[in-house]
Amino acid sequence: MRPETEAELAELVAGLSGPVRIAGGGTRGVTGRESELKVSGLSGITLYEPGALTLVAKAGTPLAEIEAALDGEGQQLAFEPMDHRGLLETRGEPTIGGVVAANISGPRRIQAGACRDYLLGVRFVDGRGQVIRNGGRVMKNVTGYDLVKLMGGSWGTLGVLTEVSLKVLPKPERSSTLSVAVSDIGVAVRVLSAALKSPFEVTGAAYDPNLQKALIRVEGFVDSVAYRTSRLTAELEGFGDVAEESKSDALWAGIRDVHPFQGKEGDVWRLSVKPGDAAEISARAEADQALFDWGGGLVWLRVPAGTDVRARLGAFSGHATLVRSDCETIRKLGRFHPESTSISALTKGLRAKFDPRGLYNPGLMG
């Protein structure tokens with residue numbers, strides 16, 4: 001099923017007799033036995049006003065098309081969406097609807113915010129086949145903003161996105177990355193925390209244990225970046241040798257897309273934790289490989305196939321998502337962290353309201 005218009009999609013959904021699995025470019029690794037409903041036919045940028053920093057696009061628009069249009073005007077999606085294809089060994093083209101539906105946000109989230117923070121408006125088809133519009137197409141019109149944010153990260157369980165409106169930002173003139181030689185995860189997190197607590201507007205803070213380097217990114221106007229990196233260097237020298245890395249953009253693309261895990265066997269888990277807990281939690285997980293982003297608040301783990309990382313960790317403050325594994329393990333363990341009783345009740349209530357027939361991505365979020 002691949003509708004070409006919003007009206008065709010609404011008619012199709014109204015006539016469904018069974019559940020469907022929603023797909024854009026098919027790059028995020030969502031699988032299931034249900035029939036596939038592809039939204040890639042709903043494609044194209046419908047409004048782009050660089051002066052107003054706003055862009056509107058149909059949900060099936062390839063992310064590459066949007067990034068190319070923005071780059072031509074010296075602008076960007078500030079939330080730096082991850083490309084999962086290398087990690088999950090998937091094909092196809094990531095779409096803007098998939099990015100929004102999964103709230104995909106990269107290293108710059110610590111400073112700029114998440115994908116949902118840039119959503120101005122959405123259009124979607126609910127489980128009854130009704131077209132719903134919420135929010136606006138420009139920053140002046142933010143009616144229903146909370147519902148707009150609700151769709152970001154809903155993974156298609158509340159409705160099929162057909163159009164999204166986004167705030168965009170200018171690209172920085174320069175990006176510079178400092179590295180601090182650190183062999184201990186606990187010390188690395190302290191380095192990242194010190195950088196983030198500084199007044200120098202850090203936009204990336206990560207640690208790769210294999211490189212034994214804490215990585216800190218500063219972006220902005222050329223003179224400002226030079227000043228801030230100089231000051232940060234002086235403040236961080238007490239932790240270890242500080243150097244300025246070459247090819248800053250490529251380095252952070254590797255962090256964003258988890259390059260160190262690509263082409264290696266094993267399951268991949270994504271943990272959201274308190275940065276101060278990162279070292280202790282990663283030790284408990286006994287992973288084959290780890291990567292830390294968001295100042296230690298985001299932990300990527302590679303473990304042997306079939307490993308239940310949640311069982312290894314026990315109770316902790318945060319959540320663990322199974323990003324890459326075989327279908328049997330995903331069905332057994334669940335892709336997403338089990339919800340508390342109160343949150344589960346809210347989730348079920350929302351799904352019953354927006355998708356009363358249980359058509360969309362059944363079982364994906366428990």
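Quick caveat, the model's predicted, so the values are computed rather than measured. (Residues numbered from 1 in each chain as written. Predicted model: local features only at pLDDT ≥ 70, side-chain atom pairs only at ≥ 80, totals over all residues. Heavy atoms only, no water.)

J.: Just to check I follow, could you spell out the overall build of the protein chain for this structure?
T.: Per the secondary structure count, the protein chain includes 13 helices and 17 strands. Whereas a compact globule of 366 residues would reach a radius of gyration of roughly 21 Å, the protein chain reaches 21 Å, a difference of no more than 12%. Overall, the protein chain is about 65 × 50 × 35 Å in size when its C-alpha atoms are taken along their principal axes. When the 366 residues of the protein chain are sorted by exposure, 50% land in the buried category. Put simply, of all contacts in the protein chain between residues at least 6 apart along the chain, 71% involve residues at least 24 apart. For the protein chain, the exposed surface amounts to about 15,800 Å²; the carbon and sulfur share of it is 50%. The positive charge centre, built from 43 side chains, and the negative charge centre, built from 44, are 4 Å apart in the protein chain. (Helix = DSSP H or I, 4+ residues; strand = E, 2+ residues; numbered from the N terminus. Rg over C-alpha atoms; globule rule 2.2 N^0.38 Å. Buried < 20%, exposed > 50% of the residue type's maximum accessible area, 1.4 Å probe, protein only. Contact = heavy atoms within 4.5 Å. Areas by Shrake-Rupley, 256 points an atom, 1.4 Å probe, with all protein chains shown as cover. Lys, Arg positive; Asp, Glu negative; His and termini not counted. Charge placed at Lys NZ, Arg CZ, Asp CG, Glu CD.)

J.: What is the right way to read helix 2 (residues 63–72) from this model?
T.: Given 3.6 residues per turn, any residue in an α-helix points the same way as the ones three and four places further on. Buried residues of helix 2: Leu 63, Ile 66 and Leu 70, and no others. Along the axis of helix 2, the buried positions cluster into a sector of 65°, meaning they face one direction only. (Arc of directions from axis to C-beta.)

J.: Is there a simple way to explain the packing of aromatic side chains in this structure?
T.: Two numbers describe a pair of aromatic rings. These are the distance of the centres and the angle of the planes. The tally for this structure, following the rule as stated, stands at 4 aromatic pairs. Centroid distance Tyr 207 to Phe 292: 6.2 Å. Interplanar angle 40°. Geometry classified as tilted. Taken together, the residues span a long stretch of sequence, with Tyr 207 in strand 11 (residues 202–208) and Phe 292 in strand 15 (residues 289–293) at a distance of 85 residues. Note on accessibility: Tyr 207 and Phe 292 belong to one class, buried. The ring of Trp 252 is capped by Arg 217, whose NZ or CZ atom sits 4.9 Å from the centre of that ring. (Phe/Tyr/Trp six-rings, centres within 6.5 Å; stacked < 30°, edge-to-face > 60°. Lys NZ or Arg CZ within 6 Å of the ring centre and 35° of its normal.)

J.: Would you explain the pairing of strand 4 (residues 54–58) in this entry?
T.: Within a regular beta strand, the side chains point alternately toward one face of the sheet and then the other, so they alternate between its two faces. The buried fraction of strand 4 is high, at 4 of 5 residues. Relative to strand 4, strand 3 (residues 45–49) runs antiparallel, the two sharing 4 bridges. Counted as the bridge partner of Tyr 48 is Leu 55 from strand 4. Connecting strand 3 to the antiparallel partner strand 4 that follows it, the hairpin turn spans 4 residues, and Leu 53 within it adopts a positive phi of roughly 55°. Pairing of strand 4 with strand 8 (residues 160–167) involves 5 bridges; the strand directions are antiparallel. Looking at strand 8, one finds that Thr 54 is bridged to Lys 167. (Pairing = 2+ DSSP bridges.)

J.: Can you walk me through the nonpolar core in this structure?
T.: Nonpolar side chains in soluble globular proteins tend to be buried together. Within the largest apolar cluster, 47 residues are counted, with the highest numbers of intra-cluster contacts made by Leu 77, Leu 87, Ile 96, Val 122, Leu 161, Val 164 and Trp 300. Sorting elements by how many residues they give to this core places helix 4 (residues 96–101) first, with 4 residues. The residues touching Val 122, leaving out its near neighbours within four places in the chain, are Ile 132, Arg 133, Asn 134, Val 148, Met 151, Leu 161, Glu 163 and Val 164. With 36 residues, the next largest nonpolar core counts Ala 205, Leu 271, Val 299 and Leu 301 among its residues. (Core = buried A, V, L, I, M, F, W, Y, C linked by side-chain atoms within 4.5 Å.)

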